[in-house]
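Chain residues, written in single-letter form:
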Amino acid sequence: MTTPAEKPEKTAEKRVLWSHDVLGLHAVADSAGAVRLGASGQDWDRLTPLVEVTVTGHGRAWSGERFVDTTVGGRLAHRGHETVVDGDRRTTTIRLADPVTALAAEITLWTRPGAGFLRSQVRLVNEGNAPLRLEGVSSLSLGGIVDADGAVDGLTLHWADNDWLAECRWRQAAFRDRVVSLSRSAHGHEGRGCFERSSQGSWSTGRHLPVAALTDPSGRAWLWQIESSAGWRYETGEREGAAYAALFGPDDAHHQWHETLGPGQEFTTVPAVLAGAGTGGLDAAFGELTAYRRRMRRAHPDHTALPVIYNDYMNTLMGDPTTDKLMPLIAAAAAAGAEVFVVDAGWYDDDAQGWWDAVGAWEASGSRFPGGIQEVLDAIARHGMTPGLWLEPEVVGVRSPLARTLPPEAFFRRGGIRVTEHGRHHLDLRHPAARAHLDRVVDRLVGDWGVGYLKLDYNVNVGAGTENGTESAGAGLLGHHRAHLDWLGSLLDRHPGLVLENCASGGLRMDYAQLAVTQVQSTSDQQDPARCPPIAAAAPTAVAPEQAAVWAYPQPHFTPDEIAFTLTGALQGRVQLSGFLDRMSPEQSALVRSAVSVYKALRPEIPAGLPFWPLGLPAWEDTWLASGLRGPATPTTWLTVWRRAPAPGAPRTPDDSTRTLSVPHLRGTRVRPTVLYPATADATASWDATGSALTVRLPRPDTAVLLRLDATPTEDTGPGRT
């Protein structure tokens, strides 16, 4: 239903148009109609304009590296707002207009009562008679972020670097280490700089995650996420003695994006979300963000079924599948308990010069499968598993016949020249011929071949985008991105049971534009099991746990500790098995089956579990790492703890076999720790209720353990032990 917005509250010639009690935010209008957004209780000057818009010919009021304090953003004036309540969804739209350019803006703020998140998106309409050239538009901008002392000196900034084989590497620094105090009182101006992170090209997470946070020592946290595969940027800095955060999609300076709106034309930004908590720090904020991610994505049965996936690629066939190689793996995977079997890259390869630059038709190789690929897919189904195939749909190899038969307009082009990157051209899914080609491919694989799982890879970064006619390259990339999401949705409309895995050389397109539609996310291509723990432990910062596929690739030459180490790290997310399971001894096979059995007992709890990190977010070289899931409605907590060998040159302690972990949400309870997997690590755990602390012992390096912590309220502070 639609309701009038809350009666505006007057505050010293200001009126509150909208507020969010959990996040402690409000939107305030002054007597001239200017609207600002930020922390409740903060002075007007500390808040930021509700929408920031950089328009060619108007620019910014204060020039520098920042993209806030834009001239048009400062002129936008309130002209109405309303709130719509639909079930537990509460959406407020605030309408603004610039009297000079006649640019109208609508910002839509979506949340639900009692939830610690806010999703924002901005729609611009040119209501004037002259064209307007947009160079950047904020999806969300807010100010007035301060520590408990009302300043910024106590704030800590958290951000995540991302790279191939090294995903989700969280870092932190004092806000003042990144945003220098400039003694504003001495010169009367704000600074010109800020802390910023942005994407580059078509790998949305090729450099950084579109997720970052500010925290203070009291436990308050402000965590944000930008939902775009086609360019994003965030910045944070100081404004009137408070911090601000501004979240953007693509812009001209960073992504070659600009959009000209003729009279009557409109543009809508990518979404951005703010999640937060008044206490509990990053763990609590990521709990809110995880809950939001589950609410906003497309519903699918895979989100609760969580079948065990076997994929033949990693450290196994590595893109060289054949019938003879696959048949024993299929039998071994089924015996281990796998429920999906994916034939990865190479199944289409019949080219003497190699398949990399010849892909595009997606027909099965005759030489690799003399009896036809259907023989392999049928064998997978006979063993009770869903057949899966790898596909890289957005590319066409330069030697593929499709590079000549599809029209030029179906490909990315810049300067009138078709884009080529690493031996591939890139399809523009706005073109009907490109989309029709891929529809035929998927309908054949799923409808005719019986494939129920598609691993959709994306192994090239094609740069700024495509120039279709007079559009900017960044606008072309955004247009393709939105068409790509629509195409993915159409596949699921036609094939509701189909499961789509989002992969881009591992986790290089790990954003919630993609993950709102796809069910599973490849978190890395990392082949070294010793390097996997920090990726697996931090994956829930980027992906809901039930979508985070973590490689588990035990091998017959591994020791029992090594087999258990690679398996344990996957048990709180999506198990993605690989490895030559067919060559294992009975004892090794039993260790694999035991892990899968433990996972199947645990997985009903994963779709509602909220992540936490008792040792903090993991650093890349950490020796000890820990990642947990807590049940929101049950007294049970699951915790994975890794102990790695120290990095070369790192200081060694006489005994590094134990580590004490703080688990604050279990304070005041009696906890019974149980080792779930593996029995071979000789792990022990004991609980000290007085300090809400768990002490874990792993006597050997490069071992890991999955624990279940069963809690009951008690006045007794005696220790529990397993």
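Each remark here, short or long, concerns the structure printed above.
Now for a quick tour of the structure. Here the structure is a predicted model, which is why all the values come from computation and not from measurement. Along every chain, residues carry numbers that run from 1 in the direction the sequence is written. Local features in a predicted model are, by the rule used here, given only for residues with pLDDT of at least 70; side-chain atom pairs are given and counted only at 80 or more, and totals for whole chains, interfaces and linings are based on all residues. With hydrogens and water excluded, all non-hydrogen atoms of the structure serve as input to the side-chain values.

Thoughts on the overall build of the chain
Secondary structure elements follow DSSP: runs of H or I of four or more residues count as helices, runs of E of two or more count as strands, with numbering from the N terminus. The secondary structure content of the chain amounts to 15 helices and 43 strands. Every radius of gyration here is taken over C-alpha atoms, with the globule rule written as 2.2 Å times N^0.38, N being the number of residues. In terms of overall dimensions, the chain is globule-like: its C-alpha atoms have a radius of gyration of 26 Å, near the 27 Å expected for 722 residues. In this scheme, a residue with accessible area under 20% of its type's maximum is buried, one over 50% is exposed, and one in between is partly exposed, where area comes from a 1.4 Å probe on protein chains only. Per-residue burial over the chain gives 61% buried out of 722 residues. A separation of at least 24 residues holds for 68% of the contacts in the chain among residues at least 6 apart in sequence. For accessible areas, the Shrake-Rupley method is used with a probe of radius 1.4 Å. Any residue's cover is judged against the shown protein chains and nothing else. Total accessible area computed for the chain in this model is approximately 25,600 Å², and 50% of it derives from carbon and sulfur atoms. Note on charges: Lys and Arg go in the positive column, Asp and Glu in the negative column, and His and the chain ends are not counted at all. Charge placement uses NZ in Lys and CZ in Arg. For Asp and Glu, CG and CD serve respectively. Across the chain, the mean location of the 68 positive side-chain charges is 2 Å away from that of the 83 negative side-chain charges. The criterion used for residue contact is that any of the two residues' heavy atoms lie within 4.5 Å.

Quick look at the layout of surface pockets
When its volume is computed, the largest pocket comes out at roughly 460 Å³. In terms of lining, the largest pocket is formed by 19 residues, of which the most central are G280, L282, D283, W613 and G616. For the lining of the largest pocket, the elements supplying multiple residues, two or more each, are β14 (169-174) and α5 (281-296). A per-class count over the lining of the largest pocket returns 10 nonpolar, six polar and three charged. Cavity and pocket criteria rest on a 1 Å grid covering protein atoms alone: a 1.4 Å probe that fits but cannot get out defines a cavity, protein on both sides within 12 Å along at least 5 of 7 lines defines an open pocket, and an atom within 4 Å of a point defines a lining residue. Grid points are joined across faces, edges and corners, and a volume is the space filled by probe spheres set on the points. Under the convention adopted here, Pro, Cys and the residues Ala, Val, Leu, Ile, Met, Phe, Trp and Tyr are nonpolar, Asp, Glu, Lys and Arg are charged, and Gly plus all remaining residues are polar.

A closer look at the sheet that holds strand β42 (residues 703-713)
Strands are labelled as partners when DSSP assigns at least two bridges between them. Reading across the sheet, the five strands line up as β35-β36-β37-β42-β39 and stay open at both edges, with antiparallel pairing between neighbours. At either margin of the open sheet sits one strand with a lone partner, and together these are β35 (610-612) and β39 (669-677). Within this sheet the neighbouring strands show an average axis-to-axis angle of 25°, counted without direction. Relative to strand β36 (residues 624-630), β35 is paired through three bridges, and the arrangement is antiparallel. Opposite F612, over in β36, you have G628 as the bridge partner. Here, axes are lines fitted to C-alpha atoms. For helices the fit covers the stretch in contact, and angles between N-to-C directions go from 0 to 180 degrees.

Considering the nonpolar core
To define a nonpolar core, start from buried Ala, Val, Leu, Ile, Met, Phe, Trp, Tyr and Cys residues and group those joined through side-chain atoms within 4.5 Å. Counting 154 residues, the largest nonpolar core has V53, F341, W347, L389, L454 and L577 as the members making the most contacts within it. With nine residues, helix α12 (residues 473-494) is the single largest residue contributor to this core. L454 has contacts with L389, V442, L445, V446, L498, V499, L500 and E501, leaving out every residue within four places of it along the chain. Counting residues in each nonpolar core, the second largest holds 30 residues, with A221, A275, A539 and A542 among its members.

With respect to empty space enclosed by the protein
Sizing a probe to match a water molecule and rolling it over the atoms shows the empty space that remains. As enumerated under the stated definition, the model contains five cavities of 30 Å³ or more in all. Considering only enclosed or pocket space, the largest cavity measures out at about 120 Å³ in volume. Lining the largest cavity are 14 residues, and of these A536, P540, Q572, G573 and S627 lie nearest its centre. Elements supplying a minimum of two residues to the lining of the largest cavity: α13 (532-542), β33 (548-552), β36 and β37 (636-643). When the residues that make up the lining of the largest cavity are grouped by side-chain class, the tally is eight nonpolar, six polar and no charged. In this structure, the second largest cavity spans a volume of roughly 70 Å³.

Quick notes on unusual backbone geometry
Here the residue pair Y677 and P678 is connected by a cis peptide bond, since its omega of -10° sits within 30 degrees of zero. Even without a glycine there, the phi angle at L165 is positive, about 75°. Within the secondary structure, L165 is located in the loop between β13 (156-161) and β14. Phi at E240 is positive, roughly 55°, even though this residue is not glycine.

Some words on helix α9 (residues 373-382)
Within α9, the full set of buried residues consists of I373, V376, L377, A379 and I380. End-on, the buried residues of α9 take up no more than an arc of 155°, which puts them together on one face. Where α9 is buried, its residues touch α8 (323-336), β24 (340-343) and β25 (386-391). Phi turns positive, to about 80°, at G384, one or two residues after α9. Throughout, the arc means that of the directions going from the helix axis to the C-beta atoms.

Notes on the sheet that holds strand β34 (residues 574-577)
Strands sit in the order β23-β24-β25-β30-β31-β32-β33-β34 around a closed barrel of eight strands; the barrel is parallel. Averaged over all pairs of adjacent strands, the angle between strand axes in this sheet comes to 30°, irrespective of strand direction. Sheet analysis places strand β23 (residues 309-311) next to β34, joined by two bridges and oriented parallel. Across the sheet, residue Y310 finds its bridge partner in β34, namely L577.

Description of the pattern of salt bridges
One speaks of a salt bridge when a side-chain nitrogen belonging to Lys or Arg is within 4 Å of a carboxyl oxygen belonging to Asp or Glu. A complete count under the given rule lists 39 salt bridges for this structure. A salt bridge links D98 to R75; its shortest N-O distance comes to 2.8 Å. Of the two residues, D98 is situated in the loop between β9 (89-97) and β10 (103-111) and R75 in helix α1 (residues 71-75); the sequence distance between them amounts to 23 residues. Residue D98 is classed as buried on the basis of its relative accessible area, which comes to 2%. By relative accessible area, R75 is classed as partly exposed at 25%. Put simply, R233 and E196 hold a salt bridge, and the shortest N to O gap is 2.5 Å.

Some points on the side chain of R297
As for its position among the elements, R297 is in the loop between α5 and α6 (302-305). When residues no more than four places from it in sequence are discounted, the contact partners of R297 are H303, L515, A516, A544, E546 and Q547.

Concerning helix α15 (residues 586-602)
Multiply 1.5 Å by the residue count of a helix minus one, and that product is the helix's expected span. For α15, which comprises 17 residues, the first-to-last C-alpha distance of 24 Å matches the rise-based estimate of 24 Å (1.5 Å per residue) to within 8%. Among all positions of α15, only Q588, S589, L591, V592, A595, V596, V598, Y599 and L602 are buried. Against α8, α14 (560-568), β34, β37, β39 and β42 lie the buried residues of α15.

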